[in-house]
Amino acid sequence: MAQVHFEDVKEGDEIPQLKKNCSTQQLVLWAAGSGDFYQIHYDKDFAQATGLKGLIVHGALKNAFLGQLLHDWIGEAGQVRRFGCSYRGMDEPNQDILCRGVVTKKYSEGGKHFVELDVWTEKPDGKKTSPGTALVTLPSKN
Amino acid sequence: MADEFEITDEMRAQIGVDSEPWTYEVTTTSVRMYARGIGTEDPIHYDVDFAKSQGFRSIVAPLGYLGTPVYLPGQNDPTFGFPRRAGGPRLNIPMKGLLDGGTETEYLDVICAGDVLVETSHLADLKLRDSARGKMLFITNESVYKNKETGQVVAKQRLTSIHY
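Not measured: the values here are computed from a predicted model. (Residues numbered from 1 in each chain as written. Chains lettered and ligands numbered in written order. Predicted model: local features only at pLDDT ≥ 70, side-chain atom pairs only at ≥ 80, totals over all residues. Heavy atoms only, no water.)

1. A word on a nonpolar patch on the surface
Residue and element names in this part refer to chain A. The line we're drawing: Each patch groups residues whose relative accessible area exceeds 30% and which form no salt bridge, using 9 Å between like charges and 5 Å between nonpolar side chains of Val, Leu, Ile, Met, Phe, Trp and Tyr. Accessible surface is estimated by sampling points in the Shrake-Rupley manner with a 1.4 Å probe; for residues, cover comes only from the protein chains shown. A pair is scored as a salt bridge if a Lys or Arg side-chain nitrogen falls within 4 Å of a carboxyl oxygen belonging to Asp or Glu. Helix and strand definitions follow DSSP, with helices as H or I runs of at least four residues and strands as E runs of at least two, each counted in order from the N terminus. Whether a residue is buried, partly exposed or exposed follows from its accessible area with a 1.4 Å probe, protein chains only, as a fraction of its type maximum: under 20%, in between, or over 50%, in that order.
There is a patch of nonpolar side chains on the surface, built from Val28, Phe37 and Tyr42 and spanning about 270 Å² of accessible area. Within the fold, phenylalanine 37 resides in the loop between helix 1 (24-34) and helix 2 (44-49). Judged by its relative accessible area of 37%, phenylalanine 37 is partly exposed.

Here's what the structure looks like:
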């Protein structure tokens, strides 16, 4: 993908979407990678005993998906300064999770070129399950 | 039990008190494992030669990955891996249910395989809310990660957990 520059973006722009769909295997891979072995992510009986309908996707995995969304967009010359989200809804395995972001502000300061975004994960029905924000820097063409 | 739970002055007194430091390791294997967990295929997270050709010390930690805490049996939580070190909050929570509430990460530098980080954390906030599930306790912890070799802060993270 071509490097995106500060001059290429304007407020209201949507960045390229990232679609995810977690198999239960991916949840186990994530558990191994993150060190989070909470059973609600791979043991259906355990999950249901806690009052959940079934297995759910790790919140921090959805946060990392939003990290990938930003990483893929900013290219090699961009940097993520901060990003985060809150977990307002649950996502289940084998269900599409759409990761999206919209530019809310851009400004230059101290020779750096900053872009603020709203980012979120979305269920197939459009419900936002992990709304958050991000701050990145992009290279300038000048 | 949980319905009678209240945040006490003793609990609030633990806000802002720093834990003892703990070592987090960022290795080529752990970076690749985390990247596989996300499902990204960017070679910058897998191929050391490629990452070096792009100007990095080694493969780059995916966003969200701040290393893996050194695991010592009896000293780390066996389910979540986090250290049960001295100085951390002791809240004695009666709620059995637990959910992620949110994650916010601030980056001050790029984290690469080979980095050893030293993390300290403190309890940042406690909130109790009523919900359809009963009382829910929101616990927010803030962690600061420093590069062990340089002493530079490389990242700060706020994690919120929900107990119900």
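Having put the structure on the table, let's press on.
2. With respect to empty space enclosed by the protein
All names here are of chain A. Which entries qualify depends on this criterion: Using a grid of 1 Å spacing that covers the protein atoms alone, one calls a set of points a cavity when a 1.4 Å probe fits there but cannot get out, and a pocket when the set is open and has protein on both sides within 12 Å along at least five of seven lines; lining residues are those with an atom within 4 Å of a point. Grid points are joined across faces, edges and corners, and a volume is the space filled by probe spheres set on the points. Side-chain classes follow a simple rule in which Ala, Val, Leu, Ile, Met, Phe, Trp, Tyr, Cys and Pro form the nonpolar group, Asp, Glu, Lys and Arg form the charged group, and the remainder, Gly included, forms the polar group.
Overall, the coordinates contain one cavity of 30 Å³ or more when judged by the stated rule. Space inside the largest cavity adds up to approximately 50 Å³. Top element by residues in the lining of the largest cavity is helix 3 (residues 59-74). It accounts for four residues. In terms of residue class, the lining of the largest cavity is made up of four nonpolar, five polar and no charged.

3. A few points about the pairing of strand 5 (residues 134-147) of chain B
Residues and elements named next belong to chain B. The cut-off we apply is this: If DSSP finds at least two bridges between two strands, the strands pair.
Taken across its 14 residues, strand 5 has 10 buried, putting it largely inside the fold. Sheet topology note: the strand 4 (residues 116-131)/strand 5 ladder contains 14 bridges and is antiparallel. Opposite threonine 120, over in strand 5, you have valine 144 as the bridge partner. Joining the antiparallel neighbours strand 4 and strand 5 is a turn of two residues. Counted between consecutive antiparallel strands, the loop separating strand 5 from strand 6 (residues 153-163) contains five residues, among which glycine 151 sits at a positive phi close to 80 degrees.

4. Examining the interface of chain B and chain A
Where interface size is quoted, it is often the accessible area lost as the parts come together. Note the cut-off: Whether two residues touch is decided by their heavy atoms; if any such pair falls within 4.5 Å, the residues are in contact. The term buried area refers to how much accessible surface (probe radius 1.4 Å) is lost by two components on association, counted for both of them together.
Counting residues at the interface gives 31 residues for chain B, matched by 37 residues for chain A. Interface area, chain B with chain A, both sides summed: about 2600 Å², of which 54% is carbon and sulfur. Residue assignment for the side of chain B that touches chain A shows that the elements contributing at least two residues are helix 2 (28-38) and strand 3 (98-107) of chain B. For the side of chain B that touches chain A, the element with the most residues is strand 3 of chain B, which contributes 10 residues. Tallied by class, residues from the side of chain B that touches chain A come to 12 nonpolar, 13 polar and six charged. Relative to strand 3 of chain B, strand 2 (residues 79-86) of chain A runs antiparallel, the two sharing five bridges. Each bridged residue has a counterpart across the sheet, and for Cys85(A) the counterpart in strand 3 of chain B is Thr103(B).

5. Considering the packing of aromatic side chains
Put simply, the test is: Stacked, edge-to-face and tilted labels apply to pairs of Phe, Tyr and Trp rings (six-membered ring for Trp) whose centres lie within 6.5 Å, assigned for plane angles under 30 degrees, over 60, and everything in between, in that order. In this scheme, the term charge over a ring applies when either NZ of a lysine or CZ of an arginine sits within 6 Å of the ring centre and within 35 degrees of the ring normal.
A complete count under the given rule lists seven aromatic pairs over all chains for this structure. Here Phe80(B) and Phe82(B) contribute two aromatic rings whose centre-to-centre distance is 6.0 Å and whose plane-to-plane angle is 15 degrees, an arrangement assigned as stacked. Owing to a relative accessible area of 23%, Phe80(B) belongs among the partly exposed residues under this scheme. The ring of Trp120(A) is capped by Lys128(A), whose NZ or CZ atom sits 4.1 Å from the centre of that ring. Seen from the ring of Phe138(B), Arg129(B) lies directly overhead, with NZ or CZ sitting 4.4 Å from the centre.

6. Some words on the nonpolar core
Operational definition: Remark: nonpolar core denotes a set of buried residues (Ala, Val, Leu, Ile, Met, Phe, Trp, Tyr, Cys) joined through side-chain atoms within 4.5 Å.
In terms of nonpolar packing, the biggest core is built from 52 residues, with Leu70(A), Trp73(A), Val115(A), Leu117(A), Val136(A), Leu138(A) and Ile111(B) touching the most fellow members. Top element by residues in this core is helix 3 of chain A. It accounts for eight residues. Residues within four places of Ile111(B) in sequence aside, it is in contact with Val26(B), Arg57(B), Val60(B), Ala61(B), Tyr65(B), Leu66(B), Leu117(B), Val154(B) and Ala155(B).

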